[in-house]
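Chain by chain, the residues run as shown.
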Amino acid sequence: MSKQEAQCIWPLGAQLGEGPLWMAQQNRLYFVDLKGCALHALDLADGQQHRWEMPDYICWLVPRRDGDGFMAGLRDGIARIWLEPQVRIDYVARPFAQGSGLRMNDAKADSTGRIWAGSMHNSDYAQAAGRLFRLAPDQSLSIADDNYHICNGPALSPDGATLYHTDSYEGRIYAYPLAADGTLGQPRLWRQFEGDEGAPDGMTVDSEGCLWVAQWGGGRVCRYAPDATLLETVTVAARNPASCTLGGDDLRTLYITTACEDNTPQQLQAYPLSGALFAARVAVPGVAAYCYG
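Residues numbered from 1 in each chain as written. Predicted model: local features only at pLDDT ≥ 70, side-chain atom pairs only at ≥ 80, totals over all residues. Heavy atoms only, no water.

## Things to note about the sheet that holds strand β4 (residues 28–33)
For step 1, the next point in the chain: As summarised here, the arrangement of the four strands in space is β3-β4-β5-β6, forming an open sheet in which the pairing is antiparallel. In this open sheet, the two strands that pair with only one neighbour each are β3 (17–23) and β6 (49–53). Across the sheet, the mean angle separating the axes of adjacent strands is 20° when strand polarity is ignored.
For step 2, the next point in the chain: Direction of pairing for β3 relative to β4: antiparallel, over a ladder of five bridges. Bridge assignment links tryptophan 22 to a residue of β4, and that residue is leucine 29. (Pairing = 2+ DSSP bridges. Helix = DSSP H or I, 4+ residues; strand = E, 2+ residues; numbered from the N terminus. Axes fitted to C-alpha atoms, helices over the stretch in contact; angles between N-to-C directions.)

## Some thoughts on the pairing of strand β10 (residues 88–93)
For step 1, the next point in the chain: Pairing between strand β9 (residues 77–82) and β10: five bridges, direction antiparallel. Of the residues in β10, the one forming a bridge with isoleucine 81 is isoleucine 89.
For step 2, the next point in the chain: Hairpin geometry of β9 and β10 is characterised by an intervening segment of five residues between the two adjacent antiparallel strands.

## Some remarks on the side chain of lysine 35
For step 1, the next point in the chain: Position of lysine 35 relative to the elements: it lies in the loop between β4 and β5 (38–43).
For step 2, the next point in the chain: In this structure the side chain of lysine 35 is engaged in a polar contact, spanning 3.1 Å, whose partner is the side chain of glutamate 261.
For step 3, the next point in the chain: For lysine 35, the contacting residues outside a window of four places in its chain are Gln15, Leu16, Tyr57, Arg103, Asn122, Tyr125 and Glu261. (Polar contact = N/O pair within 3.5 Å; in protein donor to acceptor, adjacent residues only side chain to side chain. Contact = heavy atoms within 4.5 Å.)

## As for the sheet that holds strand β2 (residues 7–10)
For step 1, the next point in the chain: Spatially, the four strands line up as an open sheet ordered β2-β25-β24-β23, and their pairing is antiparallel. Among the strands making up the open sheet, the edge pair consists of β2 and β23 (241–247). Neighbour-to-neighbour, the strand axes of the sheet open up by a mean angle of 30°, direction not taken into account.

## Let's talk about the UniProt feature "domain: SMP-30/Gluconolactonase/LRE-like region" (unreviewed entry) in the protein
For step 1, the next point in the chain: Mapped onto the present numbering, the UniProt feature "domain: SMP-30/Gluconolactonase/LRE-like region" (unreviewed entry) falls on residues 16–259.
For step 2, the next point in the chain: Each end of residues 16–259 is marked by a C-alpha atom, and these two atoms are 4 Å apart; helix forms 0% of the span and strand 56%. (UniProt positions renumbered as here; feature names shortened; annotations may be inferred.)

## Looking at the packing of aromatic side chains
For any two aromatic rings, the description comes down to two numbers: the centre-to-centre distance and the angle of the planes.
For step 1, the next point in the chain: A complete count under the given rule lists nine aromatic pairs for this structure.
For step 2, the next point in the chain: Their ring planes at 65° and their centres at 6.2 Å tell us that phenylalanine 96 and phenylalanine 133 sit as a pair that is edge-to-face. Residue phenylalanine 96 is located in the loop between β10 and β11 (102–109), and its partner phenylalanine 133 is located in strand β13 (residues 130–135); the two are separated by 37 residues in the primary sequence.
For step 3, the next point in the chain: For phenylalanine 96, a relative accessible area of 15% puts it in the buried group.
For step 4, the next point in the chain: Through a chain of ring-to-ring contacts, the aromatic side chains of Tyr164, Trp190, Phe193 and Tyr224 assemble into a single cluster.
For step 5, the next point in the chain: Taking NZ or CZ as reference, arginine 75 lies 3.8 Å from the ring centre of tyrosine 57, over its face.
For step 6, the next point in the chain: We note arginine 94 situated over the ring of tyrosine 91; from NZ or CZ to the ring centre the distance is 3.5 Å. (Phe/Tyr/Trp six-rings, centres within 6.5 Å; stacked < 30°, edge-to-face > 60°. Buried < 20%, exposed > 50% of the residue type's maximum accessible area, 1.4 Å probe, protein only. Lys NZ or Arg CZ within 6 Å of the ring centre and 35° of its normal.)

## Re the pairing of β13
For step 1, the next point in the chain: Within β13, five of the six residues are buried, leaving the element largely enclosed by the surrounding structure.
For step 2, the next point in the chain: Both strand β12 (residues 115–121) and β13 contribute to a ladder of four bridges, which runs antiparallel. Paired with tryptophan 116 across the strands is arginine 134, a residue of β13.
For step 3, the next point in the chain: In this sheet, strand β14 (residues 141–148) lies alongside β13 in antiparallel orientation, the contact comprising five bridges. Within β14, the position partnered with phenylalanine 133 by the bridge is isoleucine 143.

Structure, rendered in structure tokens:
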């Protein structure tokens, strides 16, 4: 098993860094500070940093097939969002009852243009109130599965036949058979995480079908074979890696978002780079992000 250490490339101190998205045509990495209510971007050509303030939580960003803005998960639903010349938001779905305490959390698009998006209770993680939603290209929203605590890290196998999905509270990653029409089969427990491994959070799939998993509380992002065998470990100088993606010109740079939250003052002192953006070079390239629509 190989091991290396990720390098800090932007010490921005995000409260909850999530949702990294590599956009090759812009040579730009987007990511969110979910509870900091901000969207960030880093231009790889010149290192320029960008920030867009949001009116509330922003949980994820997914490109649109038509290139006209993005789809985004906000605290209370899913919206179409434009960033230029100023931020503009148009909701397409608001699935939560007012005052429910529920919010969106993490999402990915699949190769057919659907978005798979999870939800959770914002403060009471013991509630199994989270759902896995499916947003079709026609903007219709349906519930694909429920009884999750903290829905995290949707990822699609390169052949599109498997959807991986995480319940971070229970330390579990599930694998669902995924039919061409978007129907999910019976999930199986793909891997149970224990002890100082940390809880599985955001994740991404590489071109060999291996899963890179950010391990919250474990200070690492690990690569697992399709049979869940541990292959590689990238350590991070932050307790709480929250998500990851593969990007760069050759899709061989692993970008890792981290969080300041869920740390004691002593832990923040021990990990002063908590909330930073990290990167590491890896051998196997990733898979380009799919678009909605």
